[in-house]
Amino acid sequence: MVNFLLKAFQEILYLGAISSIMIVLILLIKKVFGKVLSPRWHYYIWILLLVRLMIPYTPESSLSALNLVNLASEQFGLTVNISDTHEPDATKNPNVTSPNLNGVSAGNENVGSQNSGNENLVNADANNPTTTDLTATSSQGGHSEQISYMMILAFIWVSGMFLLILYTTFINVAFALEVRRNYKLLNSPRMNNILEECKQITGIRRRIYLYTTKRTRTPSLYATLHTKILLSEAYMEQLSDQEIKYIFLHELSHYKRKDIAVNWVLTLIQIVYFFHPLVWYAFHKIHEDCEISCDAKALRYLQKEEYLNYGSTVIKLIKLFSESNFIPATAGLWKHKSNFKRRIIMISKFHNNKWPSTLVTIILILIVGLVGLTGCKNSSKETGNTQGDTDNNAIVTVTPEITGTPEITTAPEVTEIPSDSEATDYMNLTQLTKLLGLSKEVLISQLGKAYTTVDEGGLEFAKEGIRVWFNDKGKVSQIFTDQTDIDFNGASIGESKEDFTKAFGDPLRDGNGVAIYQVDKNDISVNYDADIDMKITSVVAVYVLSKEAAEAQLEAKEDFYGDWIIDQVVAYGSAGTYSKEDAEALIGESMSFSDKSATSFGDQASNLKDIVKNPDYESTIVTANDFLSDNRMTFEKLGITADSATEVTVSDAKGIGCIFLVKDDNTLIVMGGGTYFELVRK
């Protein structure tokens with residue numbers, strides 16, 4: 001039993017070590033060929049790692065990455081046994097000895113005495129089945145210390161697995177009891193009808209139950225004896241039928257792909273390799289890729305015009321729910337906030353892959369499999385046979401004799417520096433700014449004739465990943481790109497707006513998801529998505545602008561600029577400074593907003609006389625739930641039917657100003673003294 005434990009531990013150490021190569025290889029492939037691989041294959045490529053971790057057999061191949069390790073070991077005169085027979089047994093082949101690192105033959109005259117010593121070592125070890133190539137000494141005492149050390153580590157490994165199995169069992173049993181106590185079967189015709197519609201879309205016939213709880217938890221697919229979708233009762237009522245449909249399609253996509261079974265496999269493997277940090281990181285990436293792949297599968301059931309609505313639902317649910325703990329028996333839509341930006345970018349750019357992309361993906365998978373799932377060529381067999389023909393009594397040793405310092409040869413240095421066109425195959429900020437001011441003819445001659453026309457007279461150059469527009473003089477004035485590999489002075493699309501602020505300084509203007517930065521003689525307009533508190537800002541596109549185009553954007557008026565009339569009192573808060581008479585007396589008063597000045601509004605009617613000079617307008621998106629939490633007032637009482645609205649804070653350096661909600665193009669809700677007034681455009 002002890003010998004079996006030691007052998008199993010050594011096998012796991014070996015598989016863990018060579019699996020590190022596979023993990024690095026997969027991460028590299030995903031990084032370099034990320035745009036070629038579809039979201040599904042970003043997820044499925046990890047199957048190669050699972051095979052590597054679970055199956056010890058490695059067929060020999062000259063393409064194996066382990067050949068590089070073998071080559072390096074031979075270059076430096078080291079002994080590294082990484083073939084599929086990585087644990088030789090001296091009892092099976094008495095002509096193969098363990099490495100003797102305590103002494104090296106100085107010449108042929110010592111071969112006889114050395115062989116005699118090695119034969120004694122082999123005979124001594126022949127009765128000890130635990131002897132392995134991990135032994136680094138020819139003395140019996142050193143061998144015992146090595147075995148003792150490995151046994152201690154093996155027992156620690158088994159103890160760690162046992163504790164993790166107990167913990168995994170505990171959290172799953174605890175969650176099952178929680179579902180039994182706090183969840184109830186949902187008998188809602190509305191929800192059941194939407195679920196049945198989604199089952200027809202996905203082709204699922206099996207009965208799936210809906211369970212709800214008053215507690216806050218992300219929607220999840222849960223599988224025990226019966227498959228259930230777990231919902232939070234408090235928040236599901238705030239979602240539209242279409243948003244609930246997107247949630248169900250995502251959860252049913254998890255069901256069709258058997259992701260809960262995959263979770264259990266990943267959990268068991270992670271328990272076995274709990275000591276391996278790279279395995280933990282790889283499994284974290286697998287769970288992220290699982291959610292993105294499931295998003296892609298759900299999008300295949302939708303029309304193209306619904307993609308943005310699906311993405312909006314993702315944003316909304318992440319705002320409503322906190323991240324849930326991982327339970328292997330569940331698969332949910334919002335489990336991993338860490339990959340939030342990546343999911344939104346994928347959804348916004350989703351399209352069905354064409355056959356060239358699929359062909360390249362298959363080739364990449366085959367290459368990774370050949371390089372990462374095979375072992376190195378073992379040339380010792382041929383060497384052994386040759387020596388055996390010469391002298392049947394000769395001993396074949398694994399470690400070569402080292403009679404002096406090994407000579408190391410290095411490849412000649414490459415001194416040729418590629419030209420600028422060869423060094424990069426994508427645009428950068430400097431190249432983009434050089435295109436501004438060019439005529440259409442010069443632009444085409446520089447970038448080539450492979451372009452298509454877009455709206456408003458623009459041109460799209462797909463290879464460069466840009467779209468350009470021209471001013472009334474026929475010169476390039478605006479360049480659009482959403483390519484994530486373009487370097488904007490250290491910032492790039494997909495990162496946060498703050499990264500662009502670090503690169504270019506404070507923006508000339510920032511609001512409504514657009515920040516304009518000054519770049520030398522030109523400007524760039526950065527489009528970003530942000531959460532309610534501006535804590536997460538993900539840049540989705542950049543416009544490089546001529547000075548003329550940038551000034552036009554800076555002078556653009558906000559939609560709420562203009563003159564307004566207080567039309568009515570729409571709601572009173574639980575406490576306020578306005579009496580009913582005072583509030584109604586303000587009906588008919590005027591307010592105005594512009595880039596030069598704005599009307600103030602506050603706790604007293606006299607605040608209307610204060611004028612804000614050079615006001616600063618800060619716009620944020622506020623949800624109905626957050627507005628209720630902050631103000632104890634519902635959107636319903638204010639006549640706002642949407643789930644979110646734009647909240648504008650107007651202020652100057654002294655803090656004088658007002659706060660209002662944009663109900664629609666012709667209606668604002670201004671707040672002051674705990675009272676809510678409706679403004680209509682003059």
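What you see is a predicted model; the values in this text were computed from it and never measured.

A. Highlighting unusual backbone geometry. You will see that Asn489, though not glycine, has its phi angle at about 55°, which is positive. As for its placement among the helices and strands, Asn489 is situated in the loop between strand 11 (476–481) and helix 19 (497–504). Judged by its relative accessible area of 48%, Asn489 is partly exposed.

B. Quick look at the packing of helix 10 (residues 259–272) against helix 11 (residues 277–299). Interaxial distance between helix 10 and helix 11 falls to 11 Å at its minimum, and their mutual angle equals 175°. The angle between helix 10 and helix 11 falls in the class roughly antiparallel. Between helix 10, through Asp259, Asn263, Leu266, Ile269 and Gln270, and helix 11, the contact on the second element is made entirely by Trp280, Phe283, Ile286, His287, Cys290 and Cys294. The residue makeup of the contact of helix 10 with helix 11, split by class, is 7 nonpolar, 3 polar and 1 charged.

C. Just the pattern of salt bridges, in detail. Applying the stated criterion across every chain yields a total of 8 salt bridges. Of the charged contacts, one joins Asp241 and Arg190 as a salt bridge, the two residues approaching to 2.6 Å between their closest N and O atoms. Remark: Arg190 occurs in helix 7 (residues 189–202) and Asp241 occurs in helix 9 (residues 241–256); sequence separation between them is 51 residues. Exposure remark for Asp241: the relative accessible area of 43% places this residue in the partly exposed category. A salt bridge links Arg467 to Glu460; the nearest nitrogen and oxygen atoms lie 3.7 Å apart.

D. Structural view of the pairing of strand 10 (residues 466–470). The buried fraction of strand 10 amounts to 4 of the 5 residues, a majority that puts the element mostly inside the structure. Hairpin geometry of strand 9 (residues 458–461) and strand 10 is characterised by an intervening segment of 4 residues between the two adjacent antiparallel strands and by a positive phi of about 75° at Gly465. Of the pairings in the sheet, the one linking strand 10 to strand 11 comprises 4 bridges and is antiparallel in character. Its bridge partner lying in strand 11, Val468 is registered against Ile479. Between strand 10 and strand 11, which follow one another and run antiparallel, lie 5 residues, and Gly474 among them has a positive phi close to 80°.

E. Spotlight on the environment of Leu6. For Leu6, the location among the structural elements is in helix 1 (residues 2–32). Measuring from C-alpha to C-alpha, the distance between Leu6 and Met150 comes to 7.2 Å, with 144 residues separating the pair along the chain.

F. Quick look at the packing of helix 1 against helix 11. Relative to each other, helix 1 and helix 11 sit at 40°, their axes nearing to 10 Å. Viewed along their axes, helix 1 and helix 11 form a crossing whose handedness is left-handed. Here helix 1 contributes Ser20, Ile23, Leu27 and Lys30 to the contact with helix 11, which in turn contributes Leu278, Val279, Tyr281, Ala282 and Asp289. Each residue belonging to the contact of helix 1 with helix 11 can be placed in one class, and the counts come to 6 nonpolar, 1 polar and 2 charged.

G. Layout of the environment of Arg215. Of note, Arg215 is situated in the loop between strand 3 (209–213) and strand 4 (220–223). Note: C-alpha distance between Arg215 and Ser232 (17 residues apart in sequence) is 6.2 Å. Sequence-distant contacts of Arg215, defined by excluding residues within four places in its chain, comprise Glu178, Asn182 and Ser232.

H. Broad picture of the nonpolar core. Ile26, Ile45, Trp46, Leu49, Leu53, Tyr273 and Phe283 are the most contacted members of the largest nonpolar core, which totals 36 residues. For this core, the elements supplying multiple residues, two or more each, are helix 1, helix 3 (47–54), helix 6 (140–182), helix 10, helix 11 and helix 14 (355–372). By residue number, the principal contributor to this core is helix 1, which donates 11 residues. Dropping the residues within four chain positions of it, Phe283 is found in contact with Leu49, Leu50, Leu53, Leu266, Ile269 and Gln270. Core analysis: the second largest hydrophobic core is formed by 31 residues, Leu436, Ile466, Tyr517 and Val544 among them.

I. Structural detail: the side chain of Thr168. Mapped onto the elements, Thr168 comes out in helix 6. Non-local contacts of Thr168, meaning those with residues more than four positions away in its chain, are made with Trp264, Thr267, Ile271 and Pro328.

J. Region of interest: the confidence of the model for the protein. Considering every residue of the protein, the mean pLDDT works out to 74; 70% of them sit at 70 or more. Predicted confidence is poor over residues 72–144, with pLDDT under 50, and the contacts of this stretch with residues over four places away or in other chains come to 90 contacts. Taken as a whole, residues 379–425 scores under 50 in pLDDT and shows 33 contacts with residues more than four places along the chain or in a different chain.

Calculation notes
Residues numbered from 1 in each chain as written. Predicted model: local features only at pLDDT ≥ 70, side-chain atom pairs only at ≥ 80, totals over all residues. Heavy atoms only, no water. Helix = DSSP H or I, 4+ residues; strand = E, 2+ residues; numbered from the N terminus. Buried < 20%, exposed > 50% of the residue type's maximum accessible area, 1.4 Å probe, protein only. Axes fitted to C-alpha atoms, helices over the stretch in contact; angles between N-to-C directions. Parallel < 35°, antiparallel > 145°, perpendicular 65-115°, else oblique. Contact = heavy atoms within 4.5 Å. Nonpolar A, V, L, I, M, F, W, Y, C, P; charged D, E, K, R; others polar. Salt bridge = Lys/Arg side-chain N within 4 Å of Asp/Glu carboxyl O. Pairing = 2+ DSSP bridges. Left-handed = near helix turned anticlockwise from the far one by under 90°. Core = buried A, V, L, I, M, F, W, Y, C linked by side-chain atoms within 4.5 Å. pLDDT = per-residue confidence, 0-100.

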